[in-house]
Amino acid sequence: SLWQLLLCNTMFMVSEKGQMKLLYEGLRFFRSILREPQEQTDELDGRFLTILIGAAIVICSLYVVNNVNEVDINDSVVRDSPDCCAMLVNVNNDIKLIKAQITGSSMMRNLPSNQIFEGQVVSKTSSLMPSKGKITTVQEVIVELKDEAKKVTDQLIGGSENLEIIPIVGMPGLGKTTLAKKIYNNPSIMHHFHICLWNTVSQVYNKKNLLLQILCDDGNLSRKNEEPRNMDEDDLLQKLYQKLKGNRYLVVFDDVWDIRVWNDLRFSFPNDKNGSRVLFTSRFSNVASEVEIGREPHNLRALTDSESWELLKRKVFGQEDCPQALHELGMEIAKNCKGLPLTVVIIAGILASIEHSGWAELAKSLTSTIVYETDLCMHTLQISYEHLPHYLKPCLLYFGAFPEDQEIKAKNLMWLWIAEGYVQDPMRLEDVDPMLLDDVAEEYMMDLIGRNLVMVSKQKSTGGVKACCIHDLLHEFCRSKAQEENFLMMLQGYDELSVFNAPPNLQRLRICSEYKDFKKSRIFCPNLSSLLFSNQIKEYCRFTRADILFVCLIYKHLRVLVLKQVILDCDDFLNEINVLVQLRYLAILAFLGTMTVIPPSVANLSNLETFLAEDLGTSGAVSLPETIWNMKKLKHLHIRSYEGCYVPEGNLLDYNSFNLHKLETFSCLYVSSSERLEEIAKKIPNIRQLEIKVSAFITKVSLDSLNQLESLKVSTTNQFRSEVEYCFPSTLKKLTLELLGLPWSKISLIEELPNLEVLKLLWRSFKGKRWDMKEGGFRKLRVLWLESLDLVEWIDTDCDGGCIPSLEKLLLVGSLDLKKVPSCLMSIPTLEMIKVKTLKTNESLLSLVRGIEDEQRSNGNENLKILIDFFQ
């Protein structure tokens, strides 16, 4: 795209680049005009088409120049030719004349003044929409339905001692999952049952996959869970029975489509007559009625008109009052949502992003459509999609590339958006900086969340978005819309692959295949820019050398390649794909093979921005090549095996080699010496997030030269065997330490870090029974996580209450034998939550936490939440 050409700093002269920027702005202006109704765009005359043709010729010429430059032909040919610059000037002069004509027409006069910015039509965003400044406070507004929650909770805790199934049924969008999650997370439920398990079933059901999801932590099939993965279904059923036997358990099956789910697993659920329960949600009443040991299905009611209006107000205005002039219209809109919470929150997202004068038109749109059940939701989604700014539409449709109900890592999704070219920042065109794109992508994410289209499934420690998901109806909409617009095709299984007739201009393809050779599908898509390949079920699938060669031969224009849960037959996989020079995003996830070396040829991927190789099967570390430093565009490098990745000693890190100036995130780097760490730090001067593992014999961890570093994790494969000196940069906001075995005296340097907000002291990070905090320490610390330490006395005797004054969250996890805590914890007014996860037998820790709660209450902090969970 022209945007990518603008990012080339060395290819064009200043005059050429200035003309390219003007062309870019002009084309964006015309694109916004083309989105206006047809009768308005008819005001443009034939010269508009002429300009577009001229612009196309210029862009093609520029790409020829770009391709010539890429194959290392002397760029003096470019410098000596005035043709490109002359064409740019001519086209830009024509654009200037047409823009002057358009901006004076009735078409532009009809637009609100706040929608015109320096000749460009821009999407209007309400002040109620989330901004970058609100990213750290993601709060979900949910429907209370206290009467419904109480009914189901009473059924779970009370009643018969026999095993019972309690179904929650209702139409799509009614809030079944929301209600089930609210009940599941209720402290009284967590305390009543010995084992609580949550599982999402969905339409595509696989018996073994579901068993693995129950037995493994969230279905995580990494090396630590390899034993269950290798079992057959009968063994898994027996293992589940043994896990539940003798315990009072609650197992939730969310979104059940077929009674076969229960029939397949029923004999693994022992009836010990101790009040165990199974809860499932379904949109089908007939499924619930077929359960033999189930109670009468709990039919979830719709919202009343007043409840719908209350939810709508809270989603649009938050804590502010709704203007009186909007009350009548708002209640009409809420009433026409027919009591469906999903419809209410999506409509609220639209209302929050338009002017108040647009409410009447939206109310008319809802009342003029005949809507029943799912049709209402789908119609609402269509309205919401149409109201999206053009730049958010592909970002939303991209959710269709992921399996239904999948929790998606927010940062990975945003990196994909950037690689696909969806994320642009025209408001800062005069100072184009790719480093800003991550921030813009985050704004896009928050905008979709603010419009109630994307849900936050996991939050960061400080409240930002860690993982997200979408409602299954929205997922269905995205898949359907993406296919309709030829934006994305998703194929399931080999049968679909074998009969699929791909349109020649298809851009993105998602394949969930089985153990068949991909090359046999013969899918010919020469213009394909994205290929996302994974197995249909949670097993590894084979990706042969022939498959790889087929991909490289046919899909030469790939920018995104994702291979998940694959066994690669050829160890030199990266040597094969180095011909895909346009790749920007490469991910090899849950790879089972023998990858121990990243070959030097990876540097041929000169446009690569994100390189992920995670959950690798190798038991050691992966070697990085010397050529890695030549990858000038690399922004995110994540190599995760048992010991991470390392730079071999023979790999010279001298000043003559390049630095990775654009690298922002890097994990997990293994370093064997202090000198090696300092050398590598010089090569990544702008790193913002870093994870390292250090040798047990290292003597110094010095990272103070990294003056952009915000997040750091340091661990080791074994505890240190010598005293270690460490130095962290003052820019750090998040620090995680594990297995370092440091004395508590070393924590004083961490206490002085001026910007530290999150501190995680994990297993054996520090050793010793006593931690004395310093006066004035941790001035900005908001989150403190202590896990499996031998700490007994944590005190602030000489602090006079002046420690951790900004603490909001305290997490106490694992084996902790705390007997004393700082007195300041009793009175810190900012404390919002204490979360404990430990053994039920750890009464001393639980008593300590209850004491903090009582003191905080007596000091007026009524908002403190105490969350207690127990290891199974």
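Residues numbered from 1 in each chain as written. Predicted model: local features only at pLDDT ≥ 70, side-chain atom pairs only at ≥ 80, totals over all residues. Heavy atoms only, no water.

The protein chain has the name NB-ARC domain-containing protein in an unreviewed UniProt entry, where Cinchona calisaya is given as its organism. The record held by UniProt for the protein chain lists under Subcellular location (unreviewed entry) the comment "Cytoplasm". (UniProt positions renumbered as here; feature names shortened; annotations may be inferred.)

Visitor: When you look at the overall build of the protein chain in this model, what are you seeing that I'm missing?
Guide: Per the secondary structure count, the protein chain includes 30 helices and 36 strands. Residues classed as buried in the protein chain amount to 53% of the 872 residues present. (Helix = DSSP H or I, 4+ residues; strand = E, 2+ residues; numbered from the N terminus. Buried < 20%, exposed > 50% of the residue type's maximum accessible area, 1.4 Å probe, protein only.)

Visitor: Help me out: how do you make sense of unusual backbone geometry in this one?
Guide: Trans is the common state for peptide bonds, and a negative phi is the common state for residues other than glycine. With an omega of -15 degrees, the peptide bond between serine 667 and cysteine 668 qualifies as cis. Here cysteine 668 shows up in strand S22 (residues 665–671). The phi dihedral of arginine 764 falls on the positive side, at around 55 degrees, and the residue is not glycine. Secondary-structure assignment places arginine 764 in the loop between strand S29 (758–761) and strand S30 (766–767). The exposure class assigned to arginine 764 is partly exposed, which follows from its relative accessible area of 39%.

Visitor: Would you mind going over the sheet that holds strand S8 (residues 408–409) with me for this structure?
Guide: In a beta sheet, neighbouring strands are held together by backbone hydrogen bonds and run either parallel or antiparallel to one another. Taken together, three strands build an open sheet; the order of strands is S8-S10-S9 and the sheet is antiparallel. This sheet does not close on itself; its edge strands, each paired only once, are S8 and strand S9 (455–459). Across four bridges, the pairing between S9 and strand S10 (residues 465–469) is antiparallel. When the bridges of S10 are listed, lysine 458 appears paired with alanine 467. (Pairing = 2+ DSSP bridges.)

Visitor: Hey, could you run me through the sheet that holds strand S4 (residues 195–200) in this one?
Guide: Pairing is parallel in the open sheet, where five strands are placed in the order S4-S5-S6-S3-S7. If you trace the sheet from one side to the other, it starts and ends with S4 and strand S7 (298–299), each paired once. Note that strand S3 (residues 164–169) and strand S6 (residues 277–282) share six bridges and pair parallel. Paired with proline 167 across the strands is phenylalanine 280, a residue of S6. Contacting S3, S4, strand S5 (249–254) and S6, helix H9 (residues 176–184) runs over the sheet at an angle of about 165 degrees to S4. (Contact = heavy atoms within 4.5 Å. Axes fitted to C-alpha atoms, helices over the stretch in contact; angles between N-to-C directions.)

Visitor: Hey, could you run me through the side chain of arginine 510 in this one?
Guide: Relative to the helices and strands, arginine 510 resides in strand S12 (residues 508–513). Notably, arginine 510 is buried but unbridged: the nearest opposite-charge side chain belongs to glutamate 420, and the N-O separation is 10 Å. Engagement of the side chain of arginine 510 in a polar contact is seen with the backbone oxygen of alanine 401, the distance being 3.2 Å. Among residues more than four places away in sequence, those in contact with arginine 510 are Ala401, Pro403, Leu488, Met489, Met490, Leu491, Leu532 and Ser534. (Lys, Arg positive; Asp, Glu negative; His and termini not counted. Salt bridge = Lys/Arg side-chain N within 4 Å of Asp/Glu carboxyl O. Polar contact = N/O pair within 3.5 Å; in protein donor to acceptor, adjacent residues only side chain to side chain.)

Visitor: Whenever I open this one, the packing of helix H11 (residues 207–215) against helix H13 (residues 233–244) confuses me. Can you help?
Guide: Packed helices, taken two at a time, are described by the angle their axes make and the gap between the axes. Close contact between H11 and H13 brings their axes to 10 Å; oriented N to C, the two are set at 30 degrees. The angle between H11 and H13 falls in the class roughly parallel. Judged by the sense of rotation from one axis to the other, the crossing of H11 with H13 is left-handed. Contact residues: H11 offers Lys207, Lys208, Leu211, Leu212, Ile214 and Leu215, while H13 offers Glu233, Leu236, Leu237, Lys239, Leu240 and Lys243. Class assignment for the residues of the contact of H11 with H13 results in seven nonpolar, no polar and five charged. (Parallel < 35°, antiparallel > 145°, perpendicular 65-115°, else oblique. Left-handed = near helix turned anticlockwise from the far one by under 90°. Nonpolar A, V, L, I, M, F, W, Y, C, P; charged D, E, K, R; others polar.)

Visitor: Honestly, the nonpolar core in this entry has me stumped. Any pointers?
Guide: The nonpolar side chains of a soluble globular protein tend to be buried, and buried together. Counting residues in hydrophobic clusters, the biggest one holds 115 residues, and the most contacted among them are Phe611, Ile750 and Trp794. Apart from the residues within four sequence positions on either side, phenylalanine 611 is in contact with Leu574, Leu586, Ile598, Val602, Leu634, His636, Leu637, His638 and Ile639. (Core = buried A, V, L, I, M, F, W, Y, C linked by side-chain atoms within 4.5 Å.)

Visitor: What am I meant to see in the packing of aromatic side chains here?
Guide: Aromatic ring pairs: the centre-centre distance and the angle between the two ring planes describe each pair. Under the counting rule described, the total for this entry stands at 16 aromatic pairs. Ring centres 5.8 Å apart and planes at 75 degrees place the aromatic pair tyrosine 398 and tyrosine 422 in the edge-to-face group. You can see tyrosine 398 sitting in the loop between helix H21 (393–397) and S8 and its partner tyrosine 422 sitting in the loop between helix H22 (410–420) and helix H23 (437–450), a full 24 residues away along the chain. The class of tyrosine 398 is buried, set by a relative accessible area of 1%. Taken together, the ring pairs in this structure connect Trp744, Phe766, Trp771, Phe778 and Trp794 into an aromatic cluster. The lysine or arginine in question, arginine 266, covers the ring of phenylalanine 267, its NZ or CZ lying 5.6 Å from the ring centre. (Phe/Tyr/Trp six-rings, centres within 6.5 Å; stacked < 30°, edge-to-face > 60°. Lys NZ or Arg CZ within 6 Å of the ring centre and 35° of its normal.)

Visitor: Explain the pairing of strand S32 (residues 783–787) here, please?
Guide: Look at any regular strand and the pattern is simple: side chains alternate between the two faces of the sheet. Sheet topology note: the S29/S32 ladder contains four bridges and is parallel. Bridge pairing links valine 758 to valine 783 in S32. As paired elements, S32 and strand S34 (residues 809–813) share five bridges and run parallel to each other. Counterpart to leucine 786 in the pairing with S34 is leucine 812.

Visitor: Please clarify how the environment of methionine 826 should be interpreted in this entry.
Guide: Note that methionine 826 resides in the loop between S34 and strand S35 (833–838). For the pair methionine 826 and arginine 857, spaced 31 residues apart in sequence, the C-alpha to C-alpha distance is 9.0 Å. Apart from the residues lying within four places of it in its own chain, the contact partners of methionine 826 are Val821, Gly851, Ile852, Glu855, Gln856 and Asn859.

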